[in-house]
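The residues making up each chain are set out below.
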There are 2 protein chains.
Amino acid sequence: MVKLNDHTREEYMNNILDILENKAIEQFRNAFLELHPADQVDLFSRLDQEKRARVYEYLSPEEFAAIFEGLEVNDQKEIALELDKEYAAEMFNNMYADDVADFLGELQEDKVSAILKAMDKEDAQDVKELMAYEEGTAGAIMTKEFISIKATDTVADVIELLRREGPDAETVYYLYVTDEYNKLAGVVSLRDLIIAATDEPIINIISTRVVSVHENTDQEEVANLIQKYDFLAAPVVTSTNELVGIVTVDDVIDVIEEEATEDLGEFSASRGATDVNVTAFEAAKKRSPWIILLMFFGMITAGVIGQFEETLEAIVILSAFIPLIMDSAGNTGTQSLAVVVRGLATGSLEKKGLFKILRRELGTGMMIGLACAIVLMGLIPILYDGNILLAFIVGTSIFLSLTISTVIGATVPLIINKLKLDPAIASGPFITTVNDILGLLIYFSIATSLLQYL
Amino acid sequence: MVKLNDHTREEYMNNILDILENKAIEQFRNAFLELHPADQVDLFSRLDQEKRARVYEYLSPEEFAAIFEGLEVNDQKEIALELDKEYAAEMFNNMYADDVADFLGELQEDKVSAILKAMDKEDAQDVKELMAYEEGTAGAIMTKEFISIKATDTVADVIELLRREGPDAETVYYLYVTDEYNKLAGVVSLRDLIIAATDEPIINIISTRVVSVHENTDQEEVANLIQKYDFLAAPVVTSTNELVGIVTVDDVIDVIEEEATEDLGEFSASRGATDVNVTAFEAAKKRSPWIILLMFFGMITAGVIGQFEETLEAIVILSAFIPLIMDSAGNTGTQSLAVVVRGLATGSLEKKGLFKILRRELGTGMMIGLACAIVLMGLIPILYDGNILLAFIVGTSIFLSLTISTVIGATVPLIINKLKLDPAIASGPFITTVNDILGLLIYFSIATSLLQYL
């Protein structure tokens, strides 16, 4: 039994590479097609152009479709250029429509038209429909290769249908029942089908309690739904309840990963730039705008401090604590931001209630601020020649700025979310900068007003 | 048809609440048990103690098990105290073993023993076995309620088995084939089963190419495997290939969400503290240690700046740019950290190669640093009375510190990961502080050495 643990898998893969080297066509096809598509993709990625050309020769377009579907989009563009037009067209015909749509979405207009023209009319039509959807919606991630059956069919009819169309469908574990107008009427799970009698009409085993999503629903909402109900798939319908596609659980996993990457990216002002595959120049191009924007905020901060030049001339040592005040406020605000961001993503925030969270964060900020103030007011006199005044200024500033920063760190993303705006605005660096400026204003104001007591 | 969109769902739920209010037992049972378990949990969560008591009366322990499984662990503890002992024991008997194990894992030793003693011997044994696994491993997240069949069974035998045991199994879409020693021999998908002839022996339709995971495999690895191959489940085996459980795709989704929350938490020094359900005091307790630790780093920064007191007395305006230098370096470092953290989580980093990433980040840092330096050296003379010296000091410092911060932001998590240490150490705030200190040293050293030219 091919157990496919890492060691055996490596041996098996190397074996196939050798076979390919030796141009043993039949042997290659037998061994290679035994592999799971994901492993076929792995192996294909290791080949140079010459070996790849052999693969196009040895595998039919239909067999190669499984590999092409699994490639990264940049690789797909490269490979597509290596295939001859008829081979490519037949390959696209045999790919799942949503995978073709994803790929074409990255190409230029003229190339897209050329490919669609070369494909089978029906397959091309499916692809065009999918491409019409806005990115990040149910329609954009759904697949059209699902099985739909009629309530009047019998179990035997359905099994016959599965024999014919089963291999081409993304999933047969849920079979969707539609009426004569193609409207969704219910669902039958394969589990229920298999234990029913063969002459039983579907209407007897149908479950009409079916949860569907509208084609324009946000992908994150679809993912939450599938996760909540532990579904393997969810049907996608139009406003008139016409069944147009299904979203499967494996797509949901990809959506969740994508959203997690996005969250982290927004969080660190590196959204769209966490891709490891781009060059340094492209990465710099994507990340600079944010850094330069934040640098302008830094200029504002510099301006704020500049207003207190007199105070600084009087107590030069005040500048030493600028980083401490800013970092503590920045970090606490970032913690609050993380709480809210995850809470929104996992849906746990809605259950809790927004005001409860803000009150909780305020209390947390005050307590952390108090703890820090106590530590500092103990430490500073020791390290700075018994300078109680300095300790008082720093301690009070810390307490006030931490209290404010948690509230801001929690409030900003909530407001952004309510306004249905892009939470990237609420990214960590932005909130940190706002907290910095407020923290410094508090710090220097306290110091300036106490200046007279020096 | 109950379409269960939000509006209809709300009506339906309110209807059930009314029925419960009226103590109409049969009507309640009919309506309530129509709901998907996830919706049953939602509705149950809205009840007060009096109404809950009615639910325990109206539903059998087996029916209530589905609700208990879906509750948050803190709620489970509360609810468990409201149930009478026999009801609770029977409920635990009817829950999936991994859900019982998860719950008992949160209780005191004596309570755990009491519950296990009250349960059926066989069910208790399953739970004990699951509890023996270390948290975060395949064994800890697997379920024991799977269907295993023999290669000598016929399709008809299996269908009979599904009729009997199907309802109790977590999933029947993959049927695992074991030999007489209970060792994993292969798998049959329900898809293949249903299109086979009823008298066909399983050995004819079995797939021996089955990917399994060892019981001690890290849960993130299991999740990656299931995601890579688009499986609905993965079998878990011992070192002697004995089949002991399965991990289903819905558990994988939970793992991915958990890991994403963890990443964001470590990233923002708020790990373990992004739970919205704790009180302000508990949140402060969890988050203060990090903030206070980082505050000590702040004291180090203060000490560094203090070394340059003379320079600051000479050019007081230097202190105005401390935040700008620090923030820009901090933000760029955080971006690099995000790239590496996501790259490690999604596995895309391994394909790319570590040195390539570091080189890429170095180049990115230099380019961003150059862009910022140019902007500043243009802006500062305009805003600060043609002070070219200041512009030069700030510009050069920005360039050098951004270059260094990207490399550090990328290198630290990679080293932490290689050493198999806790990447929380590589959290955003830690790296930011390191970059702050380096940035300030660069800044003040340049300023001090140029002091003579003032």
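What counts, and where the lines are drawn
- Residues numbered from 1 in each chain as written.
- Chains lettered and ligands numbered in written order.
- Predicted model: local features only at pLDDT ≥ 70, side-chain atom pairs only at ≥ 80, totals over all residues.
- Heavy atoms only, no water.
- UniProt positions renumbered as here; feature names shortened; annotations may be inferred.
- Helix = DSSP H or I, 4+ residues; strand = E, 2+ residues; numbered from the N terminus.
- Buried < 20%, exposed > 50% of the residue type's maximum accessible area, 1.4 Å probe, protein only.
- Arc of directions from axis to C-beta.
- Contact = heavy atoms within 4.5 Å.
- Buried area = accessible area lost by both parts, 1.4 Å probe.
- Salt bridge = Lys/Arg side-chain N within 4 Å of Asp/Glu carboxyl O.
- Core = buried A, V, L, I, M, F, W, Y, C linked by side-chain atoms within 4.5 Å.
- Axes fitted to C-alpha atoms, helices over the stretch in contact; angles between N-to-C directions.
- Parallel < 35°, antiparallel > 145°, perpendicular 65-115°, else oblique.
- Left-handed = near helix turned anticlockwise from the far one by under 90°.

The name an unreviewed UniProt entry assigns to chain A is Magnesium transporter MgtE, from the organism Thalassorhabdus alkalitolerans. Per UniProt, chain A carries the Subunit (unreviewed entry) text "Homodimer." UniProt, in its Function (unreviewed entry) section for chain A, records the words "Acts as a magnesium transporter."

A. Seen up close, unusual backbone geometry. Residues and elements named next belong to chain B. Here Asp-230, not a glycine, exhibits a phi torsion of approximately 55°, which is positive. Its location among the elements puts Asp-230 in the loop between helix H15 (219-229) and strand E5 (233-237). The exposure class of Asp-230 is partly exposed, given its relative accessible area of 43%. At Asp-385, a position not held by glycine, the phi torsion is positive, near 55°.

B. Up close: the UniProt feature "domain: CBS" (unreviewed entry) in chain A. Residues and elements named next belong to chain A. Per the UniProt record, the feature "domain: CBS" (unreviewed entry) sits at residues 142-205 and 206-264. Segment residues 142-205 splits into 31% helix and 20% strand. End C-alpha atoms: 26 Å apart. Helix makes up 46% of residues 206-264 and strand 22%, and the two end C-alpha atoms of the span are 43 Å apart.

C. Just helix H12 (residues 155-165) of chain B, in detail. Listed in full, the buried residues belonging to H12 of chain B are Val-155, Val-158, Ile-159, Leu-161 and Leu-162 of chain B. Each buried residue of H12 of chain B sits inside an arc of 160° when the element is viewed along its axis, so together they form one side. Buried residues in H12 of chain B make contact with helix H13 (190-194) of chain A together with strand E1 (148-149), strand E2 (174-178), helix H13 (190-194) and helix H14 (202-205) of chain B.

D. Representation of the interface of chain B and chain A in the model. Every contact between the two is made by 134 residues of chain B and, on the other side, 135 residues of chain A. When chain B packs against chain A, the two sides together hide about 10900 Å² of surface, and 67% of this comes from carbon and sulfur. In this structure, the connection of chain B to chain A is made through 8 salt bridges. In this structure, the salt-bridge partner of Asp-39 of chain B is Lys-228 of chain A, at a minimum N-O distance of 3.5 Å. In terms of residues, the side of chain B that touches chain A owes the most to one element, helix H17 (residues 280-306) of chain B, which gives 19 residues.

E. Expanded view of the UniProt feature "transmembrane region" (unreviewed entry) in chain A. All names here are of chain A. Here, UniProt's "transmembrane region" (unreviewed entry) annotation points to residues 290-308, 362-384, 390-416 and 428-451. Between the end C-alpha atoms of residues 290-308 there is a gap of 28 Å, over a span that is 95% helix and 0% strand. Helix and strand shares over residues 362-384 are 96% and 0% respectively, and the end C-alpha atoms of the span are 31 Å apart.

F. Seen up close, the nonpolar core. Residues Phe-64 and Leu-193 of chain A together with Phe-64 and Leu-193 of chain B are the most contacted members of the largest nonpolar core, which totals 186 residues. Not counting the four nearest positions on each side in its chain, Phe-64 of chain B is found in contact with Phe-44, Val-55, Tyr-56, Ile-79, Leu-83, Tyr-87 and Met-91 of chain B. Counting 80 residues, the second-largest nonpolar core is a separate cluster that includes Ala-284, Ala-320 and Ile-398 of chain A together with Leu-324 of chain B.

G. Highlighting the pattern of salt bridges. All chains considered together, the criterion is met by 26 salt bridges over all chains. In this structure, a network of salt bridges that share partners links the residues Asp-39 and Asp-42 of chain A together with Lys-228 of chain B.

H. Up close: the packing of helix H17 (residues 280-307) of chain A against helix H19 (residues 322-346) of chain B. It is at 8 Å that the axes of H17 of chain A and H19 of chain B come closest, and there the two elements cross at 155°. Considered as vectors, H17 of chain A and H19 of chain B are oriented roughly antiparallel to each other. Here the hand of the crossing between H17 of chain A and H19 of chain B comes out right-handed. Along the contact surface, H17 of chain A presents Arg-287, Trp-290, Ile-291, Leu-294, Met-295, Gly-298, Met-299, Thr-301 and Ile-305 of chain A, while H19 of chain B presents Pro-323, Leu-324, Ser-328, Asn-331, Thr-332, Gln-335, Ser-336 and Val-339 of chain B.

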